[in-house]
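# Summary of the model geometry
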Amino acid sequence: MKISASILATQLTALANTVPNFKKEGIDLVHMDVMDGNFVPQISFGEAVNKEIKAMTQIPLDVHLMVEKPENHVPKYYELNPYCITFHAETTRFPIRLAQEIKKNGPKVGVSLNPGTPVSALETLLPYIDLVLIMTVEPGFYGQKFVDGGMDKIRKVKSLISSYPIELEVDGGVNDTNIKELSQAGVDICVVGAGLFKSGDPSENGIRLKSLTK
């Protein structure tokens with residue numbers, strides 16, 4: 001199990017003190033939720049903050065674009081050499097072309113599905129992508145609970161991608177009560193916010209969460 005630390009869950013003013021102390025044993029990726037105020041109602045941060053975070057740590061960035069027309073945004077992130085750039089299937093008319101463009105420039109390609117988007121939206125994209133990110137909360141609203149039916153959807157996606165070298169990532173409501181079940185369902189990466197940053201050291205919290213999956 002990999003842990004992707006959701007920067008959105010901590011105070012931006014504290015990042016300079018927090019991010020440089022991340023330890024790879026507990027945090028594998030740094031999850032950056034880029035929100036444009038259109039696809040989701042919130043505005044978070046863009047390439048400038050991503051660049052600052054990149055300079056603070058050797059841990060790779062996990063860039064999650066919650067934006068309309070992601071093809072207009074992805075070129076801004078290539079120079080950061082992220083682990084993955086993920087866009088939402090609901091946000092572009094040209095997902096295959098966009099996936100090919102991202103992969104050509106180095107990062108892995110991720111596609112995300114909102115809770116209400118059917119699994120069938122992935123079927124034509126599987127040969128072109130490296131990761132599927134399942135949202136188990138509605139994107140853009142921090143602090144929600146894991147949606148009903150989320151685990152069933154995860155299992156359906158795992159079955160669908162099983163013949164491809166694709167990682168399965170989950171974002172939303174992940175905590176110590178469900179991370180073992182997520183691991184057993186075949187999830188490879190969990191995005192964690194409050195479970196890392198609410199109290200204590202984020203890296204130690206990540207180590208503890210990983211231990212719960214064994």
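Definitions and cut-offs
Positions within a chain are numbered from 1, following the residues in the order the chain's sequence is written. Where local features are concerned, this predicted model is filtered to residues with pLDDT of at least 70; where side-chain atom pairs are given and counted, the filter is 80 or more; whole-chain, interface and lining totals use all residues. Each side-chain value is worked out from all heavy atoms of the structure, with water and hydrogens disregarded. Here, the term nonpolar core denotes a set of buried Ala, Val, Leu, Ile, Met, Phe, Trp, Tyr and Cys residues that are joined through side-chain atoms within 4.5 Å. In this scheme, a residue with accessible area under 20% of its type's maximum is buried, one over 50% is exposed, and one in between is partly exposed, where area comes from a 1.4 Å probe on protein chains only. Numbering goes from the N terminus for both helices and strands, where a helix is a DSSP run of H or I of at least four residues and a strand is a run of E of at least two. Pairs of residues are marked as contacts when any of their non-hydrogen atoms sit within 4.5 Å. Note on aromatic pairs: the rings of Phe, Tyr and Trp (six-membered ring only in Trp) are paired at centre separations within 6.5 Å, and the planes decide the class, stacked below 30 degrees, edge-to-face beyond 60, tilted for the rest. Here, a charge over a ring means that NZ of Lys or CZ of Arg falls within 6 Å of the ring centre while also lying within 35 degrees of the ring normal. To estimate how far a helix should reach, multiply one less than its number of residues by 1.5 Å. The arc refers to the directions leading from the helix axis to the C-beta atoms. Salt bridges are defined as contacts in which a side-chain nitrogen from Lys or Arg sits within 4 Å of a carboxyl oxygen from Asp or Glu. One bridge is not enough; two strands pair if DSSP finds at least two bridges between them.

### Considerations on the nonpolar core
Ranked by size, the top nonpolar core spans 56 residues in total, and within it Phe 22, Ile 129, Val 132, Ile 154 and Leu 182 carry the most contacts. Considering every element that reaches this core, the biggest residue donor is helix H4 (residues 150-161), with 4 residues. With near-sequence residues (within four places) excluded, Ile 129 lies in contact with Ala 99, Lys 103, Val 109, Val 111 and Ile 166. Val 40, Cys 84, Met 135 and Val 137 belong to the second largest nonpolar core, which has 12 residues in total.

### Focus: the environment of Gln 184
Residue placement: Gln 184 occurs in helix H5 (residues 179-184). Residues Gln 184 and Met 135, 49 residues apart in the sequence, show an inter-C-alpha distance of 18 Å.

### A few points about the packing of aromatic side chains
This model, assessed by the stated rule, comprises 1 aromatic pair. Taking the centre distance of 6.2 Å and the plane angle of 50° together, the rings of Phe 22 and Phe 197 count as tilted. One end of the pair, Phe 22, is in the loop between helix H1 (15-18) and strand S2 (29-35); the other, Phe 197, is in helix H6 (residues 194-197), and 175 residues separate them in sequence. By relative accessible area, which is 15% here, Phe 197 ends up buried. The side chain of Arg 97 reaches across the aromatic face of Phe 94, ending 4.4 Å from its centre.

### Some thoughts on H4
For H4, which comprises 12 residues, the first-to-last C-alpha distance of 17 Å matches the rise-based estimate of 16 Å (1.5 Å per residue) to within 8%. By the burial criterion, the buried members of H4 are Gly 150, Met 151, Lys 153, Ile 154, Val 157 and Ile 161. In a view along the axis of H4, the buried residues occupy a sector of 155°, so they form one face of it. When the buried face of H4 is taken as reference, the exposed residues oriented beyond 90 degrees from it are Lys 156 and Ser 159.

### Remarks on the pattern of salt bridges
Applying the stated rule across the entire model yields 9 salt bridges. The residue Lys 2 makes a salt bridge to Glu 167 at a minimum N-O spacing of 3.1 Å. On the criterion of sequence distance, the pair formed by Lys 2 in strand S1 (residues 2-6) and Glu 167 in strand S7 (residues 167-171) is long-range, its members being 165 residues apart. Taking the relative accessible area as the measure of exposure, Glu 167 reaches 15% and is therefore buried. One connected set of salt bridges, linked through shared partners, spans Lys 2, Lys 108 and Glu 167.

### Some words on the pairing of S1
Burial analysis of S1 places 4 of its 5 residues in the buried class, which makes it a mostly covered element. Here S1 pairs with strand S8 (residues 189-192) via 4 bridges, running parallel. What sits directly across from Ser 4, in S8, is Val 191. Bridge count between S1 and S2: 3 bridges; the pairing is parallel. Residue pairing for S2: Ser 6 is matched across the bridge by His 31.

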